[in-house]
There are 2 protein chains.
Amino acid sequence: MPAAEPPGLRRRNTWQRGTILRAIGAASCHLTAEEIHRRVRRRERPIGLATVYRSLETFVREGVVEPAYLGDGRVRYALAVNHHEHLVCLGCGGWESLDACLVPQPPGRTDSGFHVTGHRLTLYGYCARCQRAQA
Amino acid sequence: MPAAEPPGLRRRNTWQRGTILRAIGAASCHLTAEEIHRRVRRRERPIGLATVYRSLETFVREGVVEPAYLGDGRVRYALAVNHHEHLVCLGCGGWESLDACLVPQPPGRTDSGFHVTGHRLTLYGYCARCQRAQA
DNA sequence: CTCGCTGCAAACTTTTTGCAGTCAG
DNA sequence: CTGACTGCAAAAAGTTTGCAGCGAG
């Protein structure tokens, strides 16, 4: 499920990547790159923001981490293991998490030969507060 | 379905918005803001990029246009009527469209009172080309 | 040893915002 | 008439990249 290994690269395990991955895993929801950066900076040895971005890119490619685009112009990340969907409000831009996964179908292969390893579902509409405001 | 009317604003129809909406509708796939801008610029009277962005924001709020975040750092737009899903390759970053909509469940209301009016599903994995490259 | 990874800072891209003038209703 | 919409240009925000040094394997 974690997708096949990248072409010819040999991955190295550094303490930075471990720290970043642990920070994402410790969070209860999706984090932005900056939030992750801020959390791993608290440690004795700081980690560069660029490193966070580069590590995230690697993790996403490996299928370990899942990105989420909630419409506020920044990407959020969470462990693929903690997969969940989001409800985004078109009124205020806010969002809530949805525990259930509404796309139960297992990864497979499409007609075009595309190998599906995961998915990302975002539901959008209006939150309770915005519905009231429109009344 | 096109969501309720915004709070206290009265919308105005300008030739710019009509042109932008027509450009999106004429496209066979999702367009980036810049692509839309380039297309509406061909006309005799050019439209400002900021206007394109502001109009898109309005259209999305109204539920007329649907955004798509395919992971390349820019947002793409298409008419909600032309709804379709995407397959994004984690290997090369490319993407293909999927005609079928895999989330047939109708809009409804969640426990938290959130009113769902639409959704956005992105499947990810590896395209045929990248699978071959990894072999 | 080798070569992928890191940090820093500069560069880039995309999107947003301020403001004054315009025009739809 | 009113105030929402527009254009321009400047600014912001988020992400990427170049490069030299470091260190995992």
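For clarity, every value in this text was computed on a predicted model and none was experimentally measured.

About the cut-offs
Residues numbered from 1 in each chain as written. Chains lettered and ligands numbered in written order. Predicted model: local features only at pLDDT ≥ 70, side-chain atom pairs only at ≥ 80, totals over all residues. Heavy atoms only, no water. Helix = DSSP H or I, 4+ residues; strand = E, 2+ residues; numbered from the N terminus. Buried < 20%, exposed > 50% of the residue type's maximum accessible area, 1.4 Å probe, protein only. Contact = heavy atoms within 4.5 Å. Pairing = 2+ DSSP bridges. Axes fitted to C-alpha atoms, helices over the stretch in contact; angles between N-to-C directions. Parallel < 35°, antiparallel > 145°, perpendicular 65-115°, else oblique. Phe/Tyr/Trp six-rings, centres within 6.5 Å; stacked < 30°, edge-to-face > 60°. pLDDT = per-residue confidence, 0-100. Near = heavy atom within 4 Å. Polar contact = N/O pair within 3.5 Å; in protein donor to acceptor, adjacent residues only side chain to side chain. Least-squares fit on C-alpha atoms with pLDDT ≥ 70 in both.

S.K.: Could you give an account of the overall build of chain A, naming the residues involved and the relevant values?
M.R.: Of regular secondary structure, chain A possesses 4 helices and 6 strands. Its helices and strands in sequence order give chain A the pattern α-β-α-α-β-β-β-β-β-α, from N to C terminus. Looking at chain A residue by residue over its 135 residues, the buried ones come to 39%. Long-range contacts, defined here as pairs at least 24 residues apart, represent 49% of the contacts in chain A between residues at least 6 apart.

S.K.: Describe the sheet that holds strand β2 (residues 65-69) of chain A, listing the residues and the values that go with them.
M.R.: Residues and elements named next belong to chain A. Strand order in the open sheet formed by 3 strands is β1-β3-β2, with antiparallel pairing between adjacent strands. Of all the strands in the sheet, the pair left with one neighbour each is β1 (31-32) and β2. For β1 and strand β3 (residues 75-79), the ladder comprises 2 bridges, and the chain directions are antiparallel. Its bridge partner lying in β3, Thr 32 is registered against Arg 76. Packing against the sheet, helix α1 (residues 15-26) makes contact with β1, β2 and β3, and its axis sits at approximately 90° to β3.

S.K.: Explain the sheet that holds strand β2 (residues 65-69) of chain B to me, and be specific about the residues and the numbers.
M.R.: All names here are of chain B. Taken together, 3 strands build an open sheet; the order of strands is β1-β3-β2 and the sheet is antiparallel. Each edge of the open sheet is held by one strand with a lone partner, namely β1 (31-32) and β2. Lying over the sheet, helix α1 (residues 15-26) contacts β1, β2 and β3 (75-79), oriented at roughly 90° with respect to β3.

S.K.: So what's going on with the packing of α1 of chain A against helix α3 (residues 49-62) of chain A? Which residues, and what values?
M.R.: Residues and elements named next belong to chain A. α3 packs onto α1 with a crossing angle of 75° between their chain directions and a minimal axis gap of 10 Å. Judged by the inter-axis angle, α1 sits roughly perpendicular to α3. Here Gln 16, Arg 17, Ile 20, Leu 21 and Ile 24 of α1 lie close against α3, whose contacting residues are Thr 51, Val 52, Ser 55, Leu 56, Thr 58 and Phe 59.

S.K.: Lay out the packing of aromatic side chains with the relevant residues and their values.
M.R.: Evaluation of the coordinates by the stated rule reveals 1 aromatic pair over all chains. A ring pair is formed by Tyr 69 of chain A and Tyr 69 of chain B, whose centres lie 6.2 Å apart and whose planes are at 0°; its orientation type is stacked. Remark: Tyr 69 of chain B occurs in strand β2 and Tyr 69 of chain A occurs in strand β2; the pair is interchain, linking two chains. Considered together, Tyr 69 of chain A and Tyr 69 of chain B belong to a single accessibility category, that of buried residues.

S.K.: Outline the confidence of the model for chain A, supporting the account with residue identities and numerical values.
M.R.: When pLDDT is averaged along chain A, the result is 89; 92% of the residues meet or exceed 70. Predicted confidence is poor over residues 1-7 of chain A, with pLDDT under 50, and the contacts of this stretch with residues over four places away or in other chains come to 9 contacts.

S.K.: Outline the environment of Ile 36 of chain A, listing residues and values.
M.R.: Residues and elements named next belong to chain A. Its place among the elements puts Ile 36 in helix α2 (residues 33-41). We classify Ile 36 as buried; its relative accessible area is 0%. Sequence-distant contacts of Ile 36, that is, excluding residues within four places in its chain, are made with Ile 20, Ile 24, Leu 31, Val 52, Leu 56 and Tyr 77.

S.K.: Residue-level account of the protein's contact with DNA strand D, with values.
M.R.: Residues in close proximity to DNA strand D total 20 residues, the closest being Arg 12 and Tyr 53 of chain A together with Arg 12, Thr 14 and Thr 51 of chain B. Put simply, 62% of the atoms of DNA strand D that lie within 4 Å of the protein are in sugar or phosphate. Between a base oxygen of DNA strand D and a side-chain N or O atom of Arg 54 of chain A, the distance comes to 3.5 Å. Secondary-structure elements contributing two or more residues to the surface near DNA strand D are α3 of chain A together with α1 and α3 (49-62) of chain B.

S.K.: With reference to specific residues and values, describe the protein's contact with DNA strand C.
M.R.: Around DNA strand C sit 21 residues, and of these Thr 14, Gln 16, Thr 51 and Arg 54 of chain A together with Tyr 53 of chain B come closest. Sugar and phosphate atoms represent 66% of those atoms of DNA strand C found within 4 Å of the protein. In this structure, a phosphate oxygen belonging to DNA strand C sits 3.3 Å away from a main-chain N or O atom of Pro 46 of chain A. A distance of 2.3 Å is found between a phosphate oxygen of DNA strand C and a side-chain nitrogen or oxygen belonging to Tyr 53 of chain B.

S.K.: With reference to specific residues and values, describe the relation of the copies chain B and chain A.
M.R.: Between chain B and chain A, which share one sequence, the superposing operator has a rotation angle of 180° and an axial displacement of 0.0 Å; the RMSD is 0.1 Å. Read as a symmetry element, the transformation amounts to a two-fold axis. No C-alpha of chain B lies nearer the rotation axis than that of Leu 121 of chain B, which sits 2.2 Å from it. Interface overlap between copies is the fraction of interface residues in one copy that are interface residues in the other; for chain B against chain A it reaches 100%, indicating a shared surface.

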